[in-house]
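Understanding the architecture of this molecule
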Amino acid sequence: MTVVTGARRRALRDGDRQIDTAHLLHSLIESDPDVGAAFEGGHQLARVLGYLVQRSIGYGLRWQRSIEDSGARRLLPAARGAASRGTRGSDWSPAASAALEEAFRRAAERGEPQARGVDLLAVVAADPESRAVEVLRRAGVDPVALAARAADRASTGAEVAALEEGLVPPRDGRPSQQV
């Protein structure tokens with residue numbers, strides 16, 4: 001997955017001990033146009049990228065060489081399980097690991113073999129204690145609204161893809177225009 005590779009590269013370049021949700025957010029924005037479309041406009045996206053770039057060059061939010069370690073208190077069960085299994089030595093923060101698991105679970109519930117970027121964005125933006133949400137808030141983005149838009153794009157995108165492949169009938173009951 002391009003997003004995972006990008007997040008890993010960012011963490012290494014930034015000198016961070018673990019890949020966290022802010023690394024995932026940065027990589028999502030850079031690699032997936034559908035993620036960018038979930039924001040309320042280019043101004044929001046530019047502000048978020050500004051905070052993320054400041055972080056990557058050592059200014060702004062100071063997390064370098066620290067761990068996003070509040071995973072045991074998170075609402076996501078995957079994070080609590082990861083923290084209890086002692087994954088502190090992992091390349092992934094508990095929050096980032098839980099977000100990836102949840103994104104794949106959402107995709108599997110729709111019958112898709114891979115998670116989409118908007119799946120991961122919805123999960124990352126829904127975690128009130130994540131570093132990604134801290135970046136979003138400082139940039140003036142409502143993380144709850146963003147999570148809802150991303151989740152909606154994920155489900156709508158799945159329906160459109162299924163319609164295009166002729167796997168489900170259109171909602172209005174009329175036959176598809178496809179041959």
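No experiment lies behind these values; they were computed from the predicted model shown.

1. Looking at the nonpolar core
Among soluble globular proteins, nonpolar side chains are generally buried collectively. Of all hydrophobic cores here, the largest spans 39 residues; its most connected members are Leu-25, Phe-39, Val-48, Leu-120 and Leu-121. Counting only elements with at least two residues in this core, the list comes to helix H1 (2–14), helix H2 (21–31), helix H4 (42–56), helix H6 (94–109), helix H7 (117–126), helix H8 (131–138) and helix H9 (143–164). Top contributing element to this core by residue count: H7, with 7 residues. Excluding its chain neighbours within four sequence positions, the residues that come into contact with Leu-120 are Val-3, Leu-24, Leu-28, Ala-99, Leu-100 and Ala-103.

2. What about the pattern of salt bridges?
This model, assessed by the stated rule, comprises 11 salt bridges. Here Arg-110 and Glu-112 are joined by a salt bridge, their closest N and O atoms 3.1 Å apart. Under the relative-accessibility criterion, Arg-110 is labelled partly exposed at 28%. Under the relative-accessibility criterion, Glu-112 is labelled buried at 19%. Notably, a salt bridge pairs Arg-138 with Glu-134, separated by 3.1 Å at the nearest N-O pair. Of the two residues, Arg-138 and Glu-134 are both situated in helix H8; the distance of 4 residues between them amounts to about one turn of the helix. Take Arg-138: its relative accessible area is 43%, and that puts it in the partly exposed class. Judged by relative accessible area, which is 27%, Glu-134 ranks as partly exposed.

3. Regarding the side chain of Glu-112
Among the structural elements, Glu-112 can be located in the loop between H6 and H7. A polar atom in the side chain of Glu-112 sits 3.1 Å from the side chain of Arg-110.

4. Looking at the packing of H6 against H7
At a minimum axis separation of 8 Å, H6 and H7 run at an interaxial angle of 130°. The angle between H6 and H7 places the two elements in the oblique class. Every pair of crossing elements has a handedness; the one defined by H6 and H7 is right-handed. Of H7, the residues touching H6 (which contributes Ala-99, Leu-100, Glu-102, Ala-103, Arg-106 and Ala-107) are Asp-119, Leu-120, Ala-122, Val-123 and Val-124. Residue composition of the contact of H6 with H7, grouped by class: 8 nonpolar, no polar and 3 charged.

5. Examining the confidence of the model for the protein
For the protein, per-residue confidence averages 78 on the pLDDT scale, and residues scoring 70 or more make up 68% of the total. Least confident of the elements in the protein is helix H5 (residues 77–84), whose mean pLDDT is 44; most confident is H7, at 96. Of the regions scoring below 50 in pLDDT, residues 70–89 engages in 28 contacts with residues more than four places distant in sequence or in other chains. Below a pLDDT of 50 lies the segment residues 160–179, which in the model reaches 12 contacts outside its immediate sequence neighbourhood of four places, other chains included.

6. Observations regarding the environment of Ser-97
Within the element layout of this structure, Ser-97 appears in helix H6. Residue Ser-97 is classed as partly exposed on the basis of its relative accessible area, which comes to 22%. The sequence separation of Ser-97 and Ile-19 amounts to 78 residues, and the corresponding C-alpha distance is 8.9 Å.

Cut-off values and rules
Residues numbered from 1 in each chain as written. Predicted model: local features only at pLDDT ≥ 70, side-chain atom pairs only at ≥ 80, totals over all residues. Heavy atoms only, no water. Core = buried A, V, L, I, M, F, W, Y, C linked by side-chain atoms within 4.5 Å. Buried < 20%, exposed > 50% of the residue type's maximum accessible area, 1.4 Å probe, protein only. Helix = DSSP H or I, 4+ residues; strand = E, 2+ residues; numbered from the N terminus. Contact = heavy atoms within 4.5 Å. Salt bridge = Lys/Arg side-chain N within 4 Å of Asp/Glu carboxyl O. Polar contact = N/O pair within 3.5 Å; in protein donor to acceptor, adjacent residues only side chain to side chain. Axes fitted to C-alpha atoms, helices over the stretch in contact; angles between N-to-C directions. Parallel < 35°, antiparallel > 145°, perpendicular 65-115°, else oblique. Left-handed = near helix turned anticlockwise from the far one by under 90°. Nonpolar A, V, L, I, M, F, W, Y, C, P; charged D, E, K, R; others polar. pLDDT = per-residue confidence, 0-100.

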